[in-house]
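Listed here are the chains, written in short residue letters.
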Amino acid sequence: MPKWSNGRNKQEDRETEEVTFSSSKFMGFSMDHPYPSFLSLKSLAAFYSCLWNAFEMLETSCIQTNVISPSDVVTGDLPANFLWNSLCLLSLFIITAPIKPVVDSKMSTASVDLMQNDSVNNGDCVNNGECDNDYDFSKLGDKPKHLNMERQRSFDERSLVEASPRHTPWAENGQRHIDLDSIFSPSRRSSFNTPRSICSFEPHPMFAEAWESLRKTMVYFRGQPVGTIAALDNSDEKLNYDQVFVRDFIPSALAFLMNGEPEIVKNFLLKTLRLQSWEKKIDRFQLGEGVMPASFKVLHDPVRNTETLMADFGESAIGRVAPVDSGFWWIILLRAYTKSTGDTSLAEMPDCQKGMRLILALCLSEGFDTFPTLLCADGCSMIDRRMGVYGYPIEIQALFFMALRCALVLIKQDAQGKELVERIVKRLHALSFHMRSYFWLDLKQLNDIYRYKTEEYSHTAVNKFNVIPDSLPEWVFDFMPTYGGYFIGNVGPSNMDFRWFCLGNCIAILSSLATPEQSTAIMDLIESRWEELVGDMPVKVCYPAIESHDWKIITGCDPKNTRWSYHNGGSWPVLLWLLTAACIKVGRPQIARRAIEVAELRLAKDGWPEYYDGKSGRYIGKQARKHQTWSVAGYLVAKMMLEDPSHLGMIALEEDKQMKSIVKRSSSWTF
C-alpha cells in the first residue's frame, strides 16, 4: 500500500485511480519470455504471491472508490462488478501464466516494485550478492511492450528512484534515502529514437523534435562543439541571443551528458576556463580575476579564414552587472561532467584547479559582512534586470552553497587545497545554519514574524533583523498553506522579500541546503498552490508579480518586467528540469510528471518560447523569443531524468551528516 504523504488530506487523496495497462511488466513479471521451458516451485510461489497482491490492490481500490465496503469483504457479500473485475484479472494471469518472474529477492507480499525497463543488467545479483538461477535478467535490456500505470492521485507514491537498480532503504525520517554520491551513469545513451520510459508507452512526438531543435543550436569553434546559442532567433533584432550563455547552456549540457555525448560539455568547460584568464575591464575598473563570462560568441573572419572567441563579462549586459552565478554554474557543471563520465582527469588539471580557486577566492574573501550569505547587486543572475533582488537573493545563496559543496569534492587536497577546504567547510556550516533558520518560512514562522516586537537590542533579540510586522504583504497570509513552506527571496536589515523564487528553492533541495523536512514542505507548497505556481505552463520564476506603484519603484518602470511577464511573475519552461530533479530527489515524481504533461500540451506547438505571460502562464510572452534553447533542453532533461532517475546523481547532493546535527533554530527565535 502506498504511504500517505506528510500533511496531506487523506480524504482529498482518496480519488478515483485511473490505471492503464499497456506494458509487458506488471507486478514485477516480464512477459518478454512468453513460453519458458519450465517453472520452478519458487517461481510459481512468487507468481501466485504477486497474483494475491494484485487482488489485494483491486480490493483496496474498490474500497477507496466506494465500490465495496470493508464489511463486504468480511461477510463475503461482494457486488457483481467487483467479482467481474476479479475474474478479468484472473483471466489476465491465466493467459500470461507461462512467464518467467523477474522478482527482486527482497520483494515481499506487502510490497511489490514496478521494475524499470533497463534497471537490471545481465549478471547483476541481488540480496547482498547472492544470485538466484531461477531469475532470468538477460532480456531486461530489450525494448519491452511497456506498461504504464498512471495514477491520478496526490499521495506519496513510491519514488521512481525506487524503480532503479540503486534503490535504497527508507531513512529514519520516513524519506526515501537516495545515495546520490554512489550514483554513476557513465554515458548510458538515452537515444531519442528508441527511448524506454517508465512514464509513457511511446515517446511523446515532441521529444524527437526537441532533440532535433537542440542540435541545430550547437556552436562550433575550430571544428569542435563548444556550446549552444541562446535561441534560434530569425528576427532582425537578434540582440545577444546568438551567443553561448553559461547559465543557459547548463540544461543543454545535462541533456548531452545524459545522452552519452560528453565532448561538447568538456570543450565548453575548457573554453570558458580559458576566457576566465582574460583581462576584464569595465570603463577604467578591472574585475576580479576569478569572474567567469556571462556569455561568449564565435567570430568568423572570412578574409583571414580564422575564428576567435569574444566574451562578455557584463560590460555589454543591461545594467552592466557581472554575472555572479556563472562561476557557480561552472563548478556545478564540472562536477556533473565528472559524475556522469567517471573522468576525473579534467577536474584534476592544474588549470581547472586554479579556476575553481579563483572563483572561490571572490566568494570567500573577508569583508564587512556580518552574515555568511553573499552580498550581490541587482541583475547578477538569471533575473538579470532590476527586480528588487539585490542584497542576499535566494538564488545566489543556494547556488553558492551548491558550488561550495561541489568544490569540496573536486578540490585537490594538496598544500593549497587543504587551506581552501577548511575555509569552505567553515562557510558551509555557517551558511546552512543561516539559511535554514532565517530564510525559511512556514505557517508557524509566519505567525511568529506577525507577532514580532521591534527596536530590540542586545544578543537576546528575537527580531534579529528588525523586521516591521506591518511590512508583511497581505498576499502571503493566503498563500501560505497549513502544510508547506519555502525559502523566501531575500533577508537583510529590516527587509524580508517574501516572494517565492522557483530556482532558489529547487537548488536548495538538490544541494541539500534544505533539510528533508523542508524539502517535503516545499513540495507540499507546490501541490497546494499548483494553480499559482504552475497553472497553464510550468513554472513561475517568482510569485507573486510586482504591480502598480511597487512596480514603478522597484523595477524603474521596466517595460519588459510588467506584471505577470518576464521576470516579474512570468512562467519559464526551462525551470521544468529543476522542478523534475527536485521532485525525484524528494520522492514525489508524480508532481514532475504532471507538470511535464501540462507543458507538452502547448510548448512545441507554440514554438518553444522563452517565457509565458499572465497570472496562469496562458499567453506567450510579449517579447519572448521563439525556439529558445534552454526551453528545449529543460524539457529534454526533465523527460530523461524521469526515464532514468539515476541521472539525478549528476546534479544532486546528499545531505552532509556533519552539518545535520548543528542545524537547529536558535533559542532566541522561540518565545
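Figured I'd write up the structure that's included with this text. (Residues numbered from 1 in each chain as written. Predicted model: local features only at pLDDT ≥ 70, side-chain atom pairs only at ≥ 80, totals over all residues. Heavy atoms only, no water.)

This brings us to the packing of helix H19 (residues 576–586) against helix H20 (residues 589–600). Contact geometry for H19 and H20: axes closest at 7 Å, N-to-C directions at 160°. It follows that H19 is roughly antiparallel to H20 by the angle criterion. H20 is crossed by H19, and the crossing has left-handed handedness. Between H19, through Leu576, Leu579, Thr580, Cys583 and Ile584, and H20, the contact on the second element is made entirely by Pro589, Ile591, Ala592, Ala595, Ile596 and Ala599. Considered class by class, the residues forming the contact of H19 with H20 number ten nonpolar, one polar and no charged. (Axes fitted to C-alpha atoms, helices over the stretch in contact; angles between N-to-C directions. Helix = DSSP H or I, 4+ residues; strand = E, 2+ residues; numbered from the N terminus. Parallel < 35°, antiparallel > 145°, perpendicular 65-115°, else oblique. Left-handed = near helix turned anticlockwise from the far one by under 90°. Contact = heavy atoms within 4.5 Å. Nonpolar A, V, L, I, M, F, W, Y, C, P; charged D, E, K, R; others polar.)

Turning our eyes to something else, we now look at the nonpolar core. Of all hydrophobic cores here, the largest spans 167 residues; its most connected members are Trp330, Ile331, Tyr486, Trp500, Leu575 and Ile651. Among residues more than four places away in sequence, those in contact with Trp330 are Leu269, Thr272, Leu273, Met292, Cys352, Met356 and Ile359. (Core = buried A, V, L, I, M, F, W, Y, C linked by side-chain atoms within 4.5 Å. Buried < 20%, exposed > 50% of the residue type's maximum accessible area, 1.4 Å probe, protein only.)

Right, let's talk about empty space enclosed by the protein for a bit. Applying the stated rule across the entire model yields five cavities of 30 Å³ or more. Each pocket or cavity is described by its volume, and for the largest cavity that value is around 90 Å³. The wall of the largest cavity is formed by Arg247, Ile250, Pro251, Trp329, Met382, Leu503, Val574, Leu575, Trp577, Leu578 and Trp630. Secondary-structure elements contributing two or more residues to the lining of the largest cavity are helix H6 (246–258) and H19. If you tally residues by element for the lining of the largest cavity, the top one is H6, at three residues. Of the residues belonging to the lining of the largest cavity, the class tally is ten nonpolar, no polar and one charged. Size it by volume and the second largest cavity reaches roughly 60 Å³. Every residue lining the second largest cavity is listed: Ser381, Ile383, Val389, Pro393, Ile394, Glu395, Gly489 and Phe501. (1 Å grid on protein atoms, 1.4 Å probe; cavity = no way out; pocket = protein on both sides within 12 Å on 5 of 7 lines; lining within 4 Å. Points joined across faces, edges and corners; volume = space filled by probe spheres on them.)

Moving on, we come to the sheet that holds strand E11 (residues 440–442). An order of E11-E12-E13-E14 is seen for the four strands of this open sheet, with the pairing classed as antiparallel. Unpaired on one side and paired on the other, E11 and strand E14 (542–543) mark the two borders of the sheet. The pairing of strand E12 (residues 485–492) with strand E13 (residues 495–501) spans four bridges and is classified as antiparallel. Its bridge partner being in E13, Val491 is matched across the sheet by Met496. Packing of helix H13 (residues 443–450) onto the sheet brings it into contact with E11 and E13, and relative to E11 it is tilted by some 95°. Here helix H16 (residues 516–528) sits on the sheet in contact with E11, E12 and E13, set at roughly 105° to E12. (Pairing = 2+ DSSP bridges.)

Looking now at the pattern of salt bridges. If you walk through the whole model with that rule in mind, you get twelve salt bridges. Between Arg588 and Glu527 there is a salt bridge whose closest N-O contact spans 2.8 Å. Taken together, the residues Arg588 in the loop between H19 and H20 and Glu527 in helix H16 connect sequence positions 61 residues apart. The class of Glu527 is buried, set by a relative accessible area of 14%. Here Arg563 ties to Glu547 by a salt bridge, and the two come within 2.7 Å at their closest N and O atoms. Of this pair, Arg563 sits in the loop between helix H18 (548–555) and H19 while Glu547 is found in the loop between E14 and H18, placing the two residues 16 residues apart along the sequence. One continuous salt-bridge network, built from bridges that share partners, spans Asp524, Glu527 and Arg588. (Salt bridge = Lys/Arg side-chain N within 4 Å of Asp/Glu carboxyl O.)

Here the second largest pocket is characterised by a volume of approximately 950 Å³. Taken together, 34 residues make up the lining of the second largest pocket; nearest its centre are Leu362, Cys363, Ser365, Leu374 and Leu375. Breaking the lining of the second largest pocket down by element, the ones donating at least two residues are helix H8 (325–341), helix H10 (350–364) and helix H12 (415–439). No other element matches the four residues that H10 contributes to the lining of the second largest pocket. For the lining of the second largest pocket, the per-class residue count stands at 21 nonpolar, seven polar and six charged.

So, on to unusual backbone geometry. For the bond running from Pro538 to Val539, omega is -5°, close enough to zero to count as cis. You can see Val539 is positioned in the loop between helix H17 (530–533) and E14. Looking along the chain, the bond that leaves Tyr543 and enters Pro544 is cis, with omega of -5°. Tracing the sequence through the fold places Pro544 in the loop between E14 and H18. Of note in this structure, Arg222 is not a glycine but carries a positive phi near 55°. Relative to the helices and strands, Arg222 resides in the loop between strand E4 (218–221) and strand E5 (224–228). On the basis of relative accessible area, Arg222 is assigned to the exposed category, the value being 57%. Of note in this structure, Asp283 is not a glycine but carries a positive phi near 60°. You can see Asp283 is positioned in the loop between strand E7 (281–282) and strand E8 (285–286).

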